[in-house]
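# Inside the fold
Below, each chain spelled out in residue letters.
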Amino acid sequence: MRKLTQDQKDQAVENKRILGERQGGKCYYCDIHFERDNVIPHAAHIIIDSVVNIRKYGYEILDNIKNFKITCPNCNPKAIITNPESQTGIDHIEAIRKEIEL
Ligand SMILES: [Zn+2]
């Protein structure tokens, strides 16, 4: 597990809150409502923060709010783009890059 600085932790908590709100307190994929159904929300990476991906893309991309969906534990794996070099992966990463450069 990578060690996060306090700033990174605070940012992660804040991102999770913002996204959770945007999704109306519900899982991105199914109809589970976290509070009503007493389910713990996951901040699911779209491009996962593996050693290889960190080296390739950096934290700025992987920790970006756009690289997450809020899911229930069961739906967590649905968020993942398994191959970042697929067209879907490339488009996703490009969209985040553009955002960062603005
Ligand atoms: Zn779900």
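Here is a short report on the structure shown in this document. (Residues numbered from 1 in each chain as written. Predicted model: local features only at pLDDT ≥ 70, side-chain atom pairs only at ≥ 80, totals over all residues.)

### With respect to the overall build of the protein
- Counting secondary structure elements, the protein contains four helices and two strands.
- The linear arrangement of helices and strands in the protein, starting from the amino end, is α-β-α-α-β-α.
- Relative to the compact-globule value of 13 Å for 102 residues, the protein shows a C-alpha radius of gyration of 14 Å, a close match.
- Residues counted as buried form 17% of the 102 residues belonging to the protein. (Helix = DSSP H or I, 4+ residues; strand = E, 2+ residues; numbered from the N terminus. Rg over C-alpha atoms; globule rule 2.2 N^0.38 Å. Buried ≥ 20, exposed ≤ 12 C-beta atoms within 10 Å, placed from the backbone.)

### As for the environment of D63
- Looking at where D63 falls in the secondary structure, it is placed in the loop between α3 (59-62) and β2 (68-71).
- Classification of D63 as partly exposed rests on a count of 17 C-beta atoms within 10 Å.

### Describing the pairing of β2
- Neither face of β2 is left uncovered, since the one carrying F68 and I70 and the one carrying K69 and T71 both have all their residues buried.
- Two elements, strand β1 (residues 42-45) and β2, share four bridges in a ladder whose sense is antiparallel. Bridge assignment links H45 to a residue of β2, and that residue is F68. (Pairing = 2+ DSSP bridges.)

### Thoughts on helix α4 (residues 87-101)
- Between its first and last C-alpha, α4 extends 21 Å over 15 residues, near the 21 Å set by a 1.5 Å rise per residue.
- Burial runs low along α4: only one of the 15 residues are buried. (Expected span 1.5 Å × (residues − 1).)

### With respect to helix α1 (residues 6-22)
- In this model, α1 (17 residues) spans 24 Å end to end at C-alpha, consistent with the 24 Å of a helix rising 1.5 Å per residue.
- Two residues or fewer past α1, G24 is found with a positive phi of approximately 65 degrees.

### Some words on unusual backbone geometry
- Phi at N38 is positive, roughly 55 degrees, even though this residue is not glycine.
- Summarising the element assignment, N38 is placed in the loop between α1 and β1.
- Looking at N38, the number of C-beta atoms within 10 Å reads 8, which means it is exposed.

### Overview of the environment of G20
- With respect to the helices and strands, the residue G20 is situated in helix α1.
- For G20, a count of 18 C-beta atoms within 10 Å puts it in the partly exposed group.
- In this structure, the C-alpha to C-alpha distance between G20 and F34, residues 14 residues apart in sequence, is 9.2 Å.
- Among residues more than four places away in sequence, those in contact with G20 are G25, P41 and I70. (Contact = placed C-beta atoms within 7 Å.)

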